[in-house]
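# Architecture and fold: a report
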Amino acid sequence: MRLFSILVTTYNRATALDYLLGRLAEYNSRGLDFDVVVSDDCSTDSTEETCNKWLKRLEHMKYIRLKENKGMDGNFISVYEACETEYCWLLGDARYVEYDDLKLIIETLKSRQYTALILKCHSAMRHESKVYTDINELISEQGWHITNNASCVIPSRFINSMLYNRYIGTTFLHMGIFVENICLEKNFKVRYLDKVRVKDIKTDGFTKVGWKKHPFLNFGKLWYEHIMSLPNNIDVEIKQKVLLDHTRYTKLFSLLYIMSGRSHYGRAYYDSYRENRQYMQFVSEIPAFVYDIAIHILPPFYKPLRALAKKAMRNRTTEAEE
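All of the points below concern the structure found in this document. (Residues numbered from 1 in each chain as written. Predicted model: local features only at pLDDT ≥ 70, side-chain atom pairs only at ≥ 80, totals over all residues. Heavy atoms only, no water.)

### Some thoughts on the packing of aromatic side chains
- What the rule picks out here adds up to 14 aromatic pairs.
- Between Phe 216 and Tyr 269, the aromatic rings sit 5.1 Å apart at their centres with planes inclined by 70 degrees, giving edge-to-face as the arrangement. Residue Phe 216 is found in helix H8 (residues 215-229), and its partner Tyr 269 is found in helix H11 (residues 267-276); the two are separated by 53 residues along the sequence.
- Here Phe 216 falls in the buried class, since its relative accessible area comes to 0%.
- Grouped by ring-pair contacts, the aromatic residues Phe 216, Phe 253, Tyr 265, Tyr 269, Tyr 273 and Tyr 291 constitute a single cluster.
- Sitting over the face of the ring of Tyr 99, Arg 30 holds its NZ or CZ atom 3.7 Å from the ring centroid.
- Taking NZ or CZ as reference, Arg 57 lies 5.0 Å from the ring centre of Trp 54, over its face. (Phe/Tyr/Trp six-rings, centres within 6.5 Å; stacked < 30°, edge-to-face > 60°. Helix = DSSP H or I, 4+ residues; strand = E, 2+ residues; numbered from the N terminus. Buried < 20%, exposed > 50% of the residue type's maximum accessible area, 1.4 Å probe, protein only. Lys NZ or Arg CZ within 6 Å of the ring centre and 35° of its normal.)

### With respect to the sheet that holds strand E9 (residues 190-197)
- Judged by pairing direction, the sheet is mixed, and its 8 strands sit side by side in the order E3-E2-E1-E4-E8-E6-E9-E7 without closing on themselves. Lying at the two open borders of the sheet, with one neighbouring strand each, are strand E3 (61-65) and strand E7 (130-132). In this sheet, adjacent strand axes meet at a mean angle of 25 degrees when their direction is disregarded.
- In this sheet, strand E8 (residues 152-155) lies alongside strand E4 (residues 87-90) in antiparallel orientation, the contact comprising 3 bridges. (Pairing = 2+ DSSP bridges. Axes fitted to C-alpha atoms, helices over the stretch in contact; angles between N-to-C directions.)

All we've got here are geometric facts, nothing functional implied.
This is how it looks when you write it as structure tokens:
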């Protein structure tokens, strides 16, 4: 059995996918040995042509095109179940790592010392490299961070439909697979590699569009339900801490983010808040009435406030020049 696969789920992101596969082909030509599996959720752009191009240049690449659009979970399951190596990494189509980082991942896996690896996916993650052997310590420090699907390298034996089926529809299928399996291990060693920084792809013609128009669903309702449903090996107090940690570190529900989101996404953002307001008490330390004011009352004043802020900045710049 080969050692390691990079799993790429994609949908209508041919530009970013082309950039990623080009990098991986370069790393492969420089001696790194890995498989690549691309699962295409029935894209309507040039994704198929892009993959066919790289199939001719990238050793050990497999391309799967779904017959119909299955959504995020269906695409994740497709790429997981196509993995034929000992370990796999759900990188996706919008991120990458540098050559030396991928080399370190592969060399660490070759040592066979660790059950799984965690990679740095957010600048707010400040912990240094560490080996975890206790599930509560791991979730307490990494729980908010491993929401990112590219954060974990797992053994392919974790891919078990009896386990992952209960996480379908939660938005956190990848995290559920990782945590549930670790909880089932009698003894485990999970290594966090702080030196490996997973980066966002930034290239012409590609704009990453995510879920930020409805964050109160993803990191309000669904986040709460997911964390509280994780195995009882994890203490309730740790689960409550992790619920708040995501907001503390990402600032997703800070007032600046709220005002920006409400201004940018308009009615969709308002509806997301209204429908999921009851969950804010579990995921944020800011009282709900403050959010009510920011979302219901302040929107008409956002533009004047931004204009005043810009004017103040210009005045300070002029004074400094004088």
